[in-house]
Amino acid sequence: IGTAYFAFCPMIWCCGKDFEDMFQNAEAYLAAHPETEYLLGFNEPMMKNAYGGCDMTPSEAAELWIRLEDLAKKYGVKLASPALTWGFEPLTGDGKVYGAPEEWMNAWIEEFKKLHGREPYFDCVALHSYMDYAAAVVWFCEYYSDYFKKPVLLTEFCAWSNEENQTPHKSLAGQIDSMTQKLEALDVNEKVLGYAWFMSHAETKKVPYNSIFTEKG
């Protein structure tokens, strides 16, 4: 993570019937890789599975989070918050739409406090940003770093705007330029601990903007 090296961070992606398998796999990885620095929490809980989220209500996440805390403590790794982005659809569990990242996060913190009498523990805030321009991504990271008073792991980013007046994502050269500007800005930002580029697993001709490194048919 960061400017000096690459590192793999295990994630406990979701809840439901797959949670126990994911938890056990993450623990096995941590036991076998003592060099690991971070454990990542739930992935985009304010989004449904069809869009890459794990579709968790704040109360569902609050019930399981203490186990992630214990796991991170057991292996001496830092714990990243659930990965935050914008929601736009009702979750399966409560039928609510959580818009801005802080809406789901604040609700989760309150649910955890009801269960355990304290706020949930996490060392850093995990964020996902698909804005085209470096200035926007830096603003996003700094805003939520200040909001939650924690440093940031930008665990997904690329340029993926649907706005017609924003065009860098529409060509390979534009995407590379966008990436370069973002890396230069993130590398010198003291509020950003590290970052990970998002590469599409879909057909590259349909999504050229996030398939810079390799093509997948």
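Position labels on residues start from 1 in each chain and follow its written sequence. Per-residue local features are limited, in this predicted model, to residues with pLDDT of at least 70; the limit for side-chain atom pairs, both in listing and counting, is 80 or more; totals at the level of whole chains, interfaces and linings are taken over all residues. Side-chain measures here rest on the full set of heavy atoms in the structure, leaving out hydrogens and waters.

Engineer: What is the right way to look at the packing of helix α1 (residues 19-32) against helix α2 (residues 58-75) in this model?
Structural biologist: Angle between the axes and distance between the axes are the two parameters that describe a pair of packed helices. Lines fitted to C-alpha atoms define the axes here, with helix axes fitted over just the stretch in contact, and angles between the N-to-C directions of these axes take values from 0 to 180 degrees. Numbering of helices and strands starts at the N terminus; helices are DSSP runs of H or I of at least 4 residues and strands are runs of E of at least 2. Across the interface, α1 lies against α2 with an axial gap of 10 Å and an inter-helix angle of 10 degrees. On the basis of the axis angle, α1 is roughly parallel to α2. For the pair α1 and α2, contact is made by Phe19, Glu20, Phe23, Ala26, Glu27, Leu30 and Ala31 and by Leu64, Arg67, Leu68, Leu71, Lys74 and Tyr75, respectively. The residue makeup of the contact of α1 with α2, split by class, is nine nonpolar, no polar and four charged. Roughly parallel here means an angle under 35 degrees, roughly antiparallel means over 145, roughly perpendicular means 65 to 115, and every remaining angle is called oblique. We call two residues in contact when some of their heavy atoms are within 4.5 Å. Three categories are distinguished: nonpolar for Ala, Val, Leu, Ile, Met, Phe, Trp, Tyr, Cys and Pro, charged for Asp, Glu, Lys and Arg, and polar for the others, with Gly belonging to the last.

Engineer: Help me understand the nonpolar core in this model?
Structural biologist: One broad rule of soluble globular proteins: the nonpolar side chains tend to lie buried together. Membership of the largest hydrophobic core comes to 47 residues, with the highest contact counts inside it found for Ile12, Phe42, Trp104, Trp108 and Leu127. Only α1, α2, α3 (101-116), β3 (125-129), α4 (134-148), β4 (152-157), α5 (172-187) and β5 (192-197) provide two or more residues apiece to this core. Counting residues per element, this core draws most heavily on α2, which supplies seven residues. For Trp108, the contacting residues outside a window of four places in its chain are Pro58, Ala61, Ala62, Trp65, Pro82, Pro120 and Phe122. For our purposes a nonpolar core is just a set of buried Ala, Val, Leu, Ile, Met, Phe, Trp, Tyr and Cys residues, chained together by side-chain atoms within 4.5 Å. The cut-offs for exposure are 20% and 50% of the maximum accessible area for each residue type, with area from a 1.4 Å probe on protein chains only; residues under the lower value are buried, those over the upper are exposed, and the others partly exposed.

Engineer: Hey, could you run me through a nonpolar patch on the surface in this one?
Structural biologist: Taken together, Trp86, Trp139, Tyr143 and Tyr147 make up a surface patch of nonpolar side chains, about 410 Å² in accessible area. Take Trp139: it is sitting in helix α4. Given a relative accessible area of 44%, Trp139 falls into the partly exposed group. Like charges are joined within 9 Å and nonpolar side chains (Val, Leu, Ile, Met, Phe, Trp, Tyr) within 5 Å, but only among residues with over 30% relative accessible area and no salt bridge; these make up the patches. The Shrake-Rupley method, run with a 1.4 Å probe, gives the accessible areas here. Residue values count only the displayed protein chains as cover. Throughout this description, the term salt bridge denotes a Lys or Arg side-chain nitrogen within 4 Å of a carboxyl oxygen of Asp or Glu.

Engineer: Is there a simple way to explain the packing of aromatic side chains in this structure?
Structural biologist: Given two aromatic rings, one states the distance between the centres and the angle between the planes to describe the pair. Whether two aromatic rings pair depends on their centres lying within 6.5 Å, for rings of Phe, Tyr and Trp, where Trp uses its six-membered ring; planes under 30 degrees apart make the pair stacked, over 60 edge-to-face, and the rest tilted. With the rule as written, the count across this model stands at 18 aromatic pairs. Plain terms: the ring middles of Trp65 and Trp108 are 5.0 Å apart, the flat faces sit at 85 degrees to each other, and that makes the pair edge-to-face. In this pair, Trp65 is assigned in helix α2 and Trp108 in helix α3, connecting sequence segments 43 residues apart. A residue is classified by how much of its surface remains accessible, and Trp108, at 0% relative accessible area, is buried. Centroid distance Tyr147 to Phe148: 4.8 Å. Interplanar angle 70 degrees. Geometry classified as edge-to-face. Feature note: the residues Trp86, Trp139, Phe140, Tyr143, Tyr144, Tyr147 and Phe148 constitute an aromatic cluster, connected by ring pairs. Of note, Arg67 hangs over the ring of Phe23, and the distance from its end group to the ring centre comes to 4.4 Å. Each ring is checked for a lysine NZ or an arginine CZ that lies within 6 Å of its centre and within 35 degrees of its normal; such an atom marks a charge sitting over the ring.

Engineer: Is there a simple way to explain the environment of Phe19 in this structure?
Structural biologist: With respect to the helices, strands and loops of the structure, Phe19 is situated in helix α1. Spatially, the C-alpha atoms of Phe19 and Leu64 are 9.1 Å apart, while their sequence positions differ by 45 residues. If we skip the residues at most four places from it in the chain, Phe19 touches Ile12, Cys14, Phe42, Leu64, Arg67 and Leu68.

Engineer: Teacher, can you tell me more about α5 here?
Structural biologist: Residues spaced three or four apart along an α-helix point in a common direction, a consequence of the helix completing one turn every 3.6 residues. The end-to-end C-alpha distance of α5, which contains 16 residues, comes to 22 Å, matching closely the 22 Å that a straight helix rising 1.5 Å per residue would cover. Those residues of α5 lying buried are Gly174, Gln175, Ser178, Met179, Lys182 and Leu186. One face of α5 carries all of its buried residues, which in axial projection span an arc of 135 degrees. Residues of α5 that are exposed and angled more than 90 degrees away from the buried face: Ala173 and Glu184. The secondary structure elements touched by the buried residues of α5 are α4, β4 and β5. Multiply 1.5 Å by the residue count of a helix minus one, and that product is the helix's expected span. In this description, the arc belongs to the directions extending from the helix axis to the C-beta atoms.

Engineer: I keep staring at the sheet that holds β3 and nothing clicks. Help me out?
Structural biologist: Neighbouring strands of a sheet are bound in pairs by backbone hydrogen bonds; such pairs are parallel or else antiparallel. Strand pairing follows a simple DSSP-based rule, namely that at least 2 bridges must link the two strands. Read from one edge of the open sheet, three strands run β3-β4-β5, paired in parallel fashion. The open sheet has two edge strands, β3 and β5, and neither has a second partner. Across the sheet, the mean angle from the axis of one strand to that of its neighbour is 20 degrees, orientation sign disregarded. The pairing of β4 with β5 spans four bridges and is classified as parallel. Bridge pairing in β5 places Val152 opposite Val192. Here α4 sits on the sheet in contact with β3, β4 and β5, set at roughly 155 degrees to β3. Here α5 sits on the sheet and contacts β4 and β5; the angle it forms with β5, its principal contact strand, is near 165 degrees.

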